Amino acid sequence: MAERDFLETPLQFLKGVGPRRAADLKRVGLSTVEDLLYRFPTRYEDRAGFRTIAELRPGAAASIAGEIVSCGIRPTRRPRFKIFEMLVRDRTGSLRAVWFNQPFLGDVFKPRQRVILFGKLELTSHGLQIQNPQYEILKDDAGTDGEGQDDTLHTGRIVPVYERTGTLTAKVQRALVYHALQQLPVALSDPLPVDVRARHQLVDRRTALVEVHFPPAGAAVDELNRFKSPAQRRLIFEEFFLFQLGLVLRRRSAKSERKPRSVVINDEIRESARRVLPFRLTGDQKHVIAEIVGDMQRQEPMNRLLQGDVGSGKTIVALIAALVAMENGFQVAFMAPTEILAEQHFLTIRRLLESSRFRMTLLTGATPAKKRREIQAELSGGSIHLAVGTHALVQDPVGFRELGLVIIDEQHRFGVLQRATLRAKGIHPDVLVMTATPIPRTLALTTYGDLDVSVMREMPPGRVPIKTIAKPESRRDEIYDFIRHQIDAGRQAYVIYPLVEESAKIDLKAATEMADHLAQDVFPAYRVALLHGRLKQDAKDRVMEGFARGDYQILVSTTVVEVGVDVSNAAAILIEHAERFGLSQLHQLRGRVGRGPHQSYCILLYQAPLSDQGRARLKALTETNDGFVIAERDLELRGPGDFFGTRQSGMPTLRVGDLLRDHELMESARREAVAALDDGSRADTLIALVRTSWEQRFGLVGIG
Ligand code: ADP
Ligand code: MG
């Protein structure tokens, strides 16, 4: 059998797998030999030497092998609490094993089975026992184990332990993998070029596949369990290398697109930009504007990410880019994640463009149908130059006459797919994505690996760093006093309520009641307004405009104010149930204050007791105002899968690698992928390799 074919062999044709088992395997996502071999053990146990029962000591973890003497459920006085208890013996003695609340074990174990137990030993009033151990049945009393395997696979060595899924127990999988490896061709092809392997000291693919499942005698178990063994590193690198090849190819194919025309810059345009500026730009703002306008002058479409912490002044940067496009006769689409933010951008930009000849409009989900049709006609006719809106802007049938620039604010709310939809509407418009959630380096190599990145670290002058404190519920009265104090000094304040999807109704009620309570009982002398997502658009507008003008002193709000809202006199933000919010979200909310010359405060009110994660989040927030540090902490706490929320956001589906754990390998893989594609002699082979499987393997939008 040719080797390529072997890895692609459907598992059903593997020796020892019948149609029934093949169907089981398929259900858990394993169709081919390759699928099976690239499913890593989740951990390894050193069963080279079992402890005898007589040797066991409390406090340590140990593996033992023995025979079940008796087992069964032991009732307890608490009705719903069940203990499954087992007595095992080896030639030196016997030991009690207990599992809490796993009554189904009654169907798993029978006396006289030979079992392996792995777990921690505790000294209790019943004597020494092993609690909730991992287990494996070696042989039942009939002397068969269902797989016809001898013990040498499962004991007497470093043993791979796989995650159990469906009927696929660790032991079954171990046996299957063993069979598959027996048949692995001697000369297995290797997608990693020889020189790449040499540079990174990576073992060949065949060795890696064998040793990742059955580590050689004497291998370091702790290294294996940290996923740092030579075999694991090699296979993780392979996965990252293939992933990066696709990413680099995707970027290059985007770069080969051509705009029908690129923008030009002349003195007149520079002067027109200068006229709209309400303040002097910071050095960072000037720098990123130069990068953006540089892209716009090129023939290939811009695909740039602008990262700048909350309050760093991204809006004006976007506006200058928009102005350059409009001066060149292009239309511009400016998209925001929420209606409130779109509205705010619209008002800001309209004020700044007042004296210019450009016409702009606001288009959101709340725009009435008749008005929408009018706007659409004007957009396709070209008489509107700038459209600000929510994703309603990308919904059919909005058509522009000549869309030259698309600006997407706070992109982490928009998926890659939506961006693609919008790009498809222009010919190949320049795209500028702005985010206040910095992309940690680890993720920048993946999600945003095909964007150019501009960063603003500098804040506009005169900002005073926000002071952040976390307080338990019991200190509520003090905090109210503090807010009163702020308002008496002429400032305004936000009070934020969490609104979680599942219980939106209840929370909304809580927010509404809280607003009433604050208005009537706590702050009767002040003007309090309520803002939430269910208000009609014009009601929202009235509230926001009123707060911006200072008509209201306290704004009670759900998280609809999370991004972008800009009221520089607001100097205090009280976040209720801060323990329920994510770290990035809290940082965004905090960014609603500290936008003017006043000392601002962020107060995180929490309900004790805090979970470890909750405590870590609040701690991070009180320790730093730096959005970059916050984002790194957030990623650590949540893991890459949750960081952006959805799969659409461009997170790859990885089989063996882990973006956090293995990020150094990802960086090396990136460099090697770029170099390999630059090398004409082998680029074609690699491109062919990636084209066939990239999309499917990594679950991302294709290379194109
Ligand atoms: P973000 O990056 O969070 O979108 P904004 O664009 O909303 O920030 O800017 C925050 C505030 O800072 C706004 O009130 C804006 O007018 C002001 N601002 C931006 N750039 C400057 C600057 N160079 N000098 C003074 N104020 C600025
Ligand atoms: Mg903004």
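Before reading further, recall that the structure is shown in the block above.
Now for a quick tour of the structure. Source: prediction; values computed, not measured.

Across its full length, the protein holds 24 helices and 20 strands. Sequence-distant contacts in the protein: of pairs separated by 6 or more residues, those separated by 24 or more amount to 75%. Accessible surface for the protein amounts to roughly 31,400 Å². Of this, 50% is attributable to carbon and sulfur atoms.

This next bit is on the pattern of salt bridges. Applying the stated rule across the entire model yields 39 salt bridges. The shortest N-O distance in the salt bridge between Lys370 and Glu374 comes to 3.6 Å. Of the two residues, Lys370 and Glu374 are both situated in helix α13 (residues 369-381); the distance of 4 residues between them amounts to about one turn of the helix. You can call Lys370 exposed: its relative accessible area is 58%. With a relative accessible area of 41%, Glu374 lands in the partly exposed category. In this structure, Arg682 and Asp679 form a salt bridge, with 3.3 Å as the shortest nitrogen-oxygen distance. In this structure Asp679 comes out as partly exposed when scored by relative accessible area, which is 26%.

All right, on to the sheet that holds strand β17 (residues 528-531) then. An order of β15-β20-β19-β16-β18-β17 is seen for the 6 strands of this open sheet, with the pairing classed as parallel. Of all the strands in the sheet, just β15 (467-472) and β17 have a single pairing partner and so form its edges. Taken over all neighbouring pairs, the strand axes of this sheet differ in orientation by 20° on average, direction set aside. Bridge count between strand β16 (residues 492-496) and strand β18 (residues 554-557): 4 bridges; the pairing is parallel. Directly across from Ile496, in β18, lies its bridge partner Ser557.

The next point concerns helix α23 (residues 663-678). Spanning 16 residues, α23 covers 23 Å between terminal C-alpha atoms, matching the ideal 22 Å at 1.5 Å per step. Among the residues of α23, Leu665, Met666, Glu667, Ser668, Ala669, Arg670, Glu672, Ala673, Ala676 and Leu677 are the ones counted as buried.

Attention now moves to the site of ligand 1. Taken together, 17 residues lie near ligand 1, and Gly311, Lys314, Thr315, Arg463 and Asp566 sit nearest. In the environment of ligand 1, a nitrogen atom lies 2.8 Å from a nitrogen or oxygen atom belonging to the backbone of Arg280. The contact in question runs from an oxygen atom of ligand 1 to an N or O atom on the backbone of Ser312, over 3.5 Å. Partitioning the shell around ligand 1 into residue classes produces 5 nonpolar, 6 polar and 6 charged.

This paragraph deals with the nonpolar core. If you look at the biggest cluster of nonpolar residues, it comprises 83 residues, and the most contacted ones within it are Leu37 and Phe241. The element contributing the most residues to this core is helix α8 (residues 230-255), with 12 residues. Ignoring sequence-local partners within four residues, the contact set of Phe241 consists of Pro191, Leu192, Pro193, Ala669, Glu672, Ala673, Ala676 and Leu686. Counting 43 residues, the second-largest nonpolar core is a separate cluster that includes Val288, Leu341, Phe358 and Ile407.

Rules and cut-offs
Residues numbered from 1 in each chain as written. Chains lettered and ligands numbered in written order. Predicted model: local features only at pLDDT ≥ 70, side-chain atom pairs only at ≥ 80, totals over all residues. Heavy atoms only, no water. Helix = DSSP H or I, 4+ residues; strand = E, 2+ residues; numbered from the N terminus. Contact = heavy atoms within 4.5 Å. Areas by Shrake-Rupley, 256 points an atom, 1.4 Å probe, with all protein chains shown as cover. Salt bridge = Lys/Arg side-chain N within 4 Å of Asp/Glu carboxyl O. Buried < 20%, exposed > 50% of the residue type's maximum accessible area, 1.4 Å probe, protein only. Pairing = 2+ DSSP bridges. Axes fitted to C-alpha atoms, helices over the stretch in contact; angles between N-to-C directions. Expected span 1.5 Å × (residues − 1). Near = heavy atom within 4 Å. Polar contact = N/O pair within 3.5 Å; in protein donor to acceptor, adjacent residues only side chain to side chain. Nonpolar A, V, L, I, M, F, W, Y, C, P; charged D, E, K, R; others polar. Core = buried A, V, L, I, M, F, W, Y, C linked by side-chain atoms within 4.5 Å.

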